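Single-letter residue listing:
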Amino acid sequence: MADTEVDWAVLEAAAVAAMGKAYAPYSKFPVGAAALTEDGRIVSGCNVENASYGLTLCAECALVGDLHMGGGGRLRAFYCVDAKGNVLMPCGRCRQLLYEFRAPGMQLMTTQGIKTMDQVLPDAFGPDNLEENL
């Protein structure tokens with residue numbers, strides 16, 4: 001997939017809009033994420049904190065929920081921002097979550113520019129590994 005196939009400005013705007021809906025009263029660190037699916041939909045999510053910190057939902061989790069609520073599919077491109085609109089990299093847990101729902105060649109906007117999922121999570125463990133053991 002070529003970079004020109006993804007309108008990164010549209011994804012950025014969707015991530016910023018999602019960040020504006022975040023519930024972050026404890027950390028004061030709202031996060032918004034948006035992704036483009038293989039069929040052209042944009043899905044998004046924001047972080048939703050909880051007084052019991054371990055129950056906090058990250059933006060990527062909300063985004064995957066939105067993906068499935070909208071009919072499922074695979075993610076082609078991903079963008080995540082903080083309250084100032086700065087690009088954020090998903091943490092290791094969230095990279096694994098995104099890996100599960102990636103389309104082949106999925107791209108992410110990173111702090112160092114556009115990279116593929118394989119570049120940000122090399123040698124990942126995924127569904128194929130489970131199938132090999134069945």
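Structure report, in brief. Within every chain, residues take consecutive numbers counted from 1 along the sequence as written. Residues qualify for local features only when their pLDDT is at least 70, as the model is predicted, and side-chain atom pairs are given and counted only at 80 or more; totals for whole chains, interfaces and linings, by contrast, use all residues. Side-chain descriptors were evaluated using all non-hydrogen atoms of the structure, hydrogens and water having been removed beforehand.

## Side note on the sheet that holds strand β3 (residues 75-81)
Through backbone hydrogen bonds, the strands of a sheet pair up, either in parallel or in antiparallel fashion. Put simply, the test is: Paired strands are those between which DSSP finds at least two bridges. Segments assigned H or I by DSSP are reported as helices when at least four residues long, segments assigned E as strands when at least two residues long, and all are numbered from the N terminus. Fitting a line to C-alpha atoms yields each axis, with helices limited to the stretch in contact; the angle taken between N-to-C directions then spans 0 to 180 degrees. Contacts: residue pairs with any heavy atoms within 4.5 Å of one another.
Across the sheet, which stays open at both edges, the 5 strands sit in the order β2-β1-β3-β4-β5 with mixed pairing between neighbours. Only two strands of the sheet have a single neighbouring strand rather than two, namely β2 (42-46) and β5 (113-116). Pairwise comparison of adjacent strand axes, ignoring direction, gives a mean angle of 20 degrees for this sheet. Of the pairings in the sheet, the one linking β3 to strand β4 (residues 102-110) comprises 3 bridges and is parallel in character. The residue bridging Leu-75 from the neighbouring strand is Arg-102, located in β4. On the sheet, helix α1 (residues 8-19) packs against β1 (32-37), β2, β3, β4 and β5 and is oriented at approximately 50 degrees with respect to β3. Helix α3 (residues 92-100) contacts β3 and β4 of the sheet and is inclined by roughly 145 degrees relative to β4.

## Examining a nonpolar patch on the surface
Selection rule: Only residues whose relative accessible area exceeds 30% and that take part in no salt bridge are eligible for patches, with like-charged residues grouped when within 9 Å of each other and nonpolar side chains (Val, Leu, Ile, Met, Phe, Trp, Tyr) grouped when within 5 Å. Per-residue and other accessible areas follow the Shrake-Rupley method at a 1.4 Å probe size, with only the shown protein chains counted as cover for residues. For this document, the term salt bridge refers to a Lys or Arg side-chain nitrogen within 4 Å of an Asp or Glu carboxyl oxygen. Categorising residues by exposure relies on relative accessible area from a 1.4 Å probe, with only protein chains included: less than 20% of the type maximum marks a residue as buried, more than 50% marks it as exposed, and the intermediate range marks it as partly exposed.
On the surface, a cluster of nonpolar side chains totalling about 520 Å² of accessible area is made up of Tyr-23, Tyr-26, Val-48, Tyr-53 and Leu-57. If you trace the backbone, Val-48 turns up in the loop between β2 and α2 (59-69). Overall, Val-48 belongs to the partly exposed group, its relative accessible area being 34%.

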